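Spelled out, the chains give:
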Amino acid sequence: MSHQLEIQPREIRFVVELSKQSKCSIRLVNQTDEYVAFKVKTTSPKKYCVRPNVGVVLPKATYEFVVIMQAPKEVPADLTCRDKFLIQNTIVPEGTLEENITSEMVFSRDNERYIEERKLRVILSTPPPTHAPALLPINGTQEQVNGHVESKTVNKEELKPVKDSEDIPVYNVKLEPIKNAKFDPTGVAILNARLDVESESVKNTEPTTRKIAEVQQIEPRVVVGEDEQRLLKEVEEMKLKLHELEVKLNKTETTTSKLTEERRLAIQERESLQQEMILSVLHEPLSHWDNQKLPPKEKGHLNSQVQVLLTKRSRMSNKSACFGSVL
């Protein structure tokens, strides 16, 4: 019996590494002419993450989802795993979207539609070991004999350079002067200029080669998990919000200080005006102030202060008169 979806591969394999996530891609191939919806379940939902876990495969099309195993805190001694994944798929009406797929409506066993189920097992493995390069002895070479490595020393006579007279032929060439040759000083100057330009270009290329070598020696960056990236992003957003709150708080403090200073100046100005008015009242009759257009509250307060001052003035005059009679 042919299946609605072909699953590639039929096993979910993960490489177990300490503090590192492992991923495995699964491909679904729709072999029918209908729309096929699928749903992925697992026996250990806290240990694995499936993206996406539901979807719709178009007719004669392929669909891929990724299974992510969370980073283990310690590498298990036994790599046998009993975790399993269940893939359910069924035919849905044409034009069905992923948003319309729900467990109650599509994959419920109460429905009469045919639901195909297949299980995938999990296989764990460790990363391949990294072999260190073999080191050669200082004064010799290594040879492999019957599966064992043996070292072979080299005599100093074998390391001596070959004489020039034995391998390199010597040719007797006569150098004859060129006839009618003239000395051109401009040619010497041009040659010197070319040599200077070449030396400067060599000097300029040295720092660039050093920079390239330094870039090649930089270690690769550590791949950060999605959860850590999300946490870093949230931390940056919190820092920005705190900075905005600090700016607003500083503005509020400056505004409060300005208002307090303005209020102090207004009170001081008001008191000085009241004193000036009181002094002017002492030198002018009350009828003059009755004709002034002042608020009733201010006029009553001013009259009470004037009456107090006049009583004090009359008492002082009476005392002075009594003191003059006594004298």
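J.: Tell me what's going on with the overall build of the chain, and back it up with residues and numbers.
T.: When its secondary structure is counted, the chain shows 5 helices and 11 strands. Burial analysis of the chain (327 residues in total) assigns 18% to the buried set. The contacts of the chain with a sequence gap of at least 6 include a subset with a gap of at least 24, amounting to 64%. Surface exposure of the chain reaches about 27700 Å², of which carbon and sulfur atoms provide 56%.

J.: An account of the sheet that holds strand β7 (residues 62–69) is requested, with residue identities and associated values reported.
T.: Read from one edge of the open sheet, 4 strands run β1-β3-β7-β5, paired in antiparallel fashion. Each edge of the open sheet carries a strand with a single partner, namely β1 (5–8) and β5 (48–51). Neighbouring strand axes in the sheet, compared pairwise and without regard to direction, differ in orientation by 25° on average. The pairing of strand β3 (residues 22–30) with β7 spans 8 bridges and is antiparallel. Considered in β7, the bridge of R27 is made with E64.

J.: Talk me through the pattern of salt bridges; I want residue IDs and the actual numbers.
T.: According to the stated counting rule, one finds 10 salt bridges in the structure shown. E17 is the partner of K20 in a salt bridge, and the nearest nitrogen-oxygen pair spans 3.9 Å. A salt bridge links D33 to K60; the nearest nitrogen and oxygen atoms lie 4.0 Å apart. Here D33, found in the loop between β3 and β4 (35–42), pairs with K60, found in the loop between β6 (54–57) and β7; they are 27 residues apart in sequence, far enough to count as distant. The pair D33 / K60 is uniform in exposure class, with both members exposed.

About the cut-offs
Residues numbered from 1 in each chain as written. Predicted model: local features only at pLDDT ≥ 70, side-chain atom pairs only at ≥ 80, totals over all residues. Heavy atoms only, no water. Helix = DSSP H or I, 4+ residues; strand = E, 2+ residues; numbered from the N terminus. Buried < 20%, exposed > 50% of the residue type's maximum accessible area, 1.4 Å probe, protein only. Contact = heavy atoms within 4.5 Å. Areas by Shrake-Rupley, 256 points an atom, 1.4 Å probe, with all protein chains shown as cover. Pairing = 2+ DSSP bridges. Axes fitted to C-alpha atoms, helices over the stretch in contact; angles between N-to-C directions. Salt bridge = Lys/Arg side-chain N within 4 Å of Asp/Glu carboxyl O.

Just distances and angles here, no functional claims.
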